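Each chain is listed here by its residues.
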Amino acid sequence: MDASDHFPSPDALCSFWMPFTPNRAFKSGRHKLLVEADGMYYRSHDGREILDSTAGLWCSNAGHNRPKITAAIQKQAAVLDFAPTFNIAHPLAFEFTHKLSHILPYDLKKVFLTNSGSEAADTALKIAVAYHRMRGNGAKTRLIGRERAYHGTGFGGISVGGIVKNRMHFGTLLTGVDHLPHTHLPQNVFSKGEPEHGADLADALERLVTLHDASTIAAVIVEPVAGSTGVLIPPKGYLKRLRDICDKHDILLIFDEVITGFGRLGTPFAADYFSVRPDLVCMAKGITNATVPMGAVGVSNRIYDTFMQASETPIELFHGYTYSGHPLACAAGIATLETYEEEGLFARAAEISPYWQEAVHSLRDAKHVIDIRNLGLIAGIELTPRDGAPTARALEVFDRCFEAGLLIRVTGDIIAMSPPLIIEKAHIDRIVETLRRVLDQTG
Ligand SMILES: Cc1ncc(COP(=O)(O)O)c(C=O)c1O
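Nothing here was measured: the structure is a model prediction, and the numbers come from that model.

The rules behind the values
Residues numbered from 1 in each chain as written. Predicted model: local features only at pLDDT ≥ 70, side-chain atom pairs only at ≥ 80, totals over all residues. Helix = DSSP H or I, 4+ residues; strand = E, 2+ residues; numbered from the N terminus. Rg over C-alpha atoms; globule rule 2.2 N^0.38 Å. Buried ≥ 20, exposed ≤ 12 C-beta atoms within 10 Å, placed from the backbone. Contact = placed C-beta atoms within 7 Å. Axes fitted to C-alpha atoms, helices over the stretch in contact; angles between N-to-C directions. Parallel < 35°, antiparallel > 145°, perpendicular 65-115°, else oblique. Left-handed = near helix turned anticlockwise from the far one by under 90°. Nonpolar A, V, L, I, M, F, W, Y, C, P; charged D, E, K, R; others polar. Near = placed C-beta within 6 Å. Pairing = 2+ DSSP bridges. Core = buried A, V, L, I, M, F, W, Y, C linked by C-beta atoms within 7 Å. Domains from an automatic or database assignment.

Trainee: Just give me the short version of the overall build of the protein, but keep the residues and values in it.
Mentor: In terms of helices and strands, the protein carries 16 helices and 15 strands. The C-alpha radius of gyration of the protein comes to 22 Å, within 12% of the 22 Å expected for a compact globule of 443 residues. Over its C-alpha atoms, taken along the principal directions, the protein stretches across nearly 65 × 55 × 45 Å. For the protein, the proportion of its 443 residues judged to be buried stands at 48%. Contacts in the protein between residues far apart in sequence, at least 24 positions, make up 73% of those at least 6 positions apart.

Trainee: Give a detailed account of the packing of helix H14 (residues 345–361) against helix H16 (residues 425–441), specifying residues and quantitative values.
Mentor: Where H14 contacts H16, the axes come no closer than 10 Å and their chain directions differ by 15°. If you check the angle between H14 and H16, you find them roughly parallel. By crossing handedness, the relation of H14 to H16 is classed as right-handed. Between H14 and H16, the residues in contact are Tyr355, Trp356, Ala359 and Val360 and Lys425, Ile428, Asp429 and Val432, respectively. Of the residues contributing to the contact of H14 with H16, the split by class is 6 nonpolar, no polar and 2 charged.

Trainee: Tell me about the site of the ligand, and name the residues and values.
Mentor: Looking at the ligand, there are 14 residues lining it, with Ser116, Gly117, Ser118, Gly152 and Val258 nearest. The element contributing the most residues to the shell around the ligand is helix H6 (residues 117–134), with 3 residues. In terms of residue class, the shell around the ligand is built from 5 nonpolar, 7 polar and 2 charged.

Trainee: Residue-level account of the environment of Thr97, with values.
Mentor: Summarising the element assignment, Thr97 is placed in helix H5 (residues 91–103). Once the C-alpha coordinates of Thr97 and Leu280 are considered, the two residues, 183 residues apart in sequence, prove to be 15 Å apart.

Trainee: Tell me about the sheet that holds strand S14 (residues 409–411), and please be specific about residues and values.
Mentor: Within the open sheet, the 4 strands sit side by side as S11-S12-S15-S14. Their pairing is antiparallel. On the outer flanks of this sheet lie strand S11 (369–375) and S14, each paired with one strand and no other. Each strand axis lies, on average, 20° off the axis of its neighbour in the sheet, ignoring direction. Pairing analysis gives 4 bridges linking strand S12 (residues 378–383) to strand S15 (residues 414–417), with the strands arranged antiparallel. Counterpart to Ile381 in the pairing with S15 is Ile415. Lying on the sheet, H14 is in contact with S11 and S12; it crosses S11 at an angle near 175°. The strands touched by helix H15 (residues 392–403) are S12, S14 and S15; relative to S14, the strand with the most contacts, the crossing angle is about 175°.

Trainee: Kindly report on the packing of H5 against helix H13 (residues 327–342), identifying the contributing residues and their values.
Mentor: Relative to each other, H5 and H13 sit at 35°, their axes nearing to 9 Å. Handedness of the crossing formed by H5 with H13: left-handed. Side by side, H5 and H13 meet where Leu92, Ala93, Glu95, Phe96, Lys99 and Leu100 of the first sit next to Pro327, Cys330, Ala331, Gly333, Ile334 and Leu337 of the second.

Trainee: Report on the nonpolar core, specifying residues and quantitative values.
Mentor: Proteins that are soluble and globular tend to have nonpolar side chains buried together. Ranked by size, the top nonpolar core spans 125 residues in total, and within it Ala124, Ala128, Ala219, Val220, Leu242, Leu252 and Ile254 carry the most contacts. Both domains that meet at this core, namely domain 1 (3–62 + 344–441) and domain 2 (69–342), each give it at least three residues.

Trainee: Summarise the domain arrangement of the protein; cite the residues concerned and give the values.
Mentor: Domains assigned within the protein are domain 1 (3–62 + 344–441) and domain 2 (69–342). The interface is formed by 31 residues belonging to domain 1 together with 28 residues belonging to domain 2. Taken together, the elements giving at least two residues each to the side of domain 1 that touches domain 2 come down to helix H3 (55–58), H14, S11, S12 and S15. When residues of the side of domain 1 that touches domain 2 are assigned to their parent elements, the largest contribution, 7 residues, is made by H14.

Trainee: I'd like to hear about the pairing of strand S3 (residues 49–52), residue by residue, with values.
Mentor: Both strand S2 (residues 41–44) and S3 contribute to a ladder of 3 bridges, which runs antiparallel. Looking at S3, one finds that Tyr41 is bridged to Leu51. Turn length for the S2-S3 hairpin, with the two strands adjacent in sequence and antiparallel, is 4 residues, and the turn residue Gly47 shows positive phi of about 85°.

This is the structure:
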């Protein structure tokens, strides 16, 4: 098969409205197309191996084309292609959530299934508001997000999110939302792991309580490590402090672990890594190794029991999706959890993280680099923006890396990397060498 076999016709290029993409530039330029994937590598339409330093989009945690997962999906498609989960169900939905509950942190042992991280975020926010109402606190409806946060693209997620471009085009969003400050401080530049300064930024929640009164606040939602705005690692002690303030005021704490779940920090969840107990946890991506779309919300027993005990209607939560618990996603999820377990991938991520840390920080003196931050198998490398052309330099680095056989992700002028947990030292060396060379070539 030659490269042209993979190329969409000009007509076909018209139809797909690509997400978070400059469509006009993509469709009129040189297209980057991925046509195969295996292990640590993609293959591009022109037959080149592309080393994947991003696990797709923070999601293929076990690497690509894992035999057990592929086989489970293929088998399931032929046995039970679809079954609803409203009022009736199929065994795999129970089997999968039960298996998942074994690795969920603390007492978060109940699982609501969605199809994406965005739906998981919106579901968690809705559960939080409905929970307080169930307990007779119907005024506790306010939701607190954070600047520079990403919680997907639903109206709930963008309302508590903190990325201006994702919000400004879409009207008034949810009312009754406020935001904590982000945790990215200049004095933490080039921190290895958790930065020293900024735990006190959590105290901004006390100020919001003073402003709005705790009787109106339902929940705080944060990404334990913010990924989409360029890898923001929480300062030491920050998340614990947030937990304490939430406890003091009967505010639920939601961890959006869409990218930190499933081993990214070397533990099943970031809640385990930081030893901080959330009340709800959002998941997606690595839940099925990204093979079949699925998201989920892990819910504490206490919250679930409240609904079961207090609901005055037979249906305890008026919420759900046609594909909540889709059989193919459940089959993929079970095989994914087994793959993580059998190959000890979370522990593997923890073992290789120190090597990853030192390797990425070795780029400290590379051209254009003004900050490097990392945790687990995550790294962010921030570049000086070009005068009057923010993001242009990073986009050029992205293009050049792709040409050089390396897939990175860029967000603003920040390179964000989150490789599959099967990464080996030789891959890390190649990532760092390629980046140094490309940065050097980039003006
Ligand atoms: C923290 C976080 N929450 C939610 C989402 C949205 O997930 P999805 O794109 O599956 O809707 C993402 C996606 O990157 C994310 O990083």
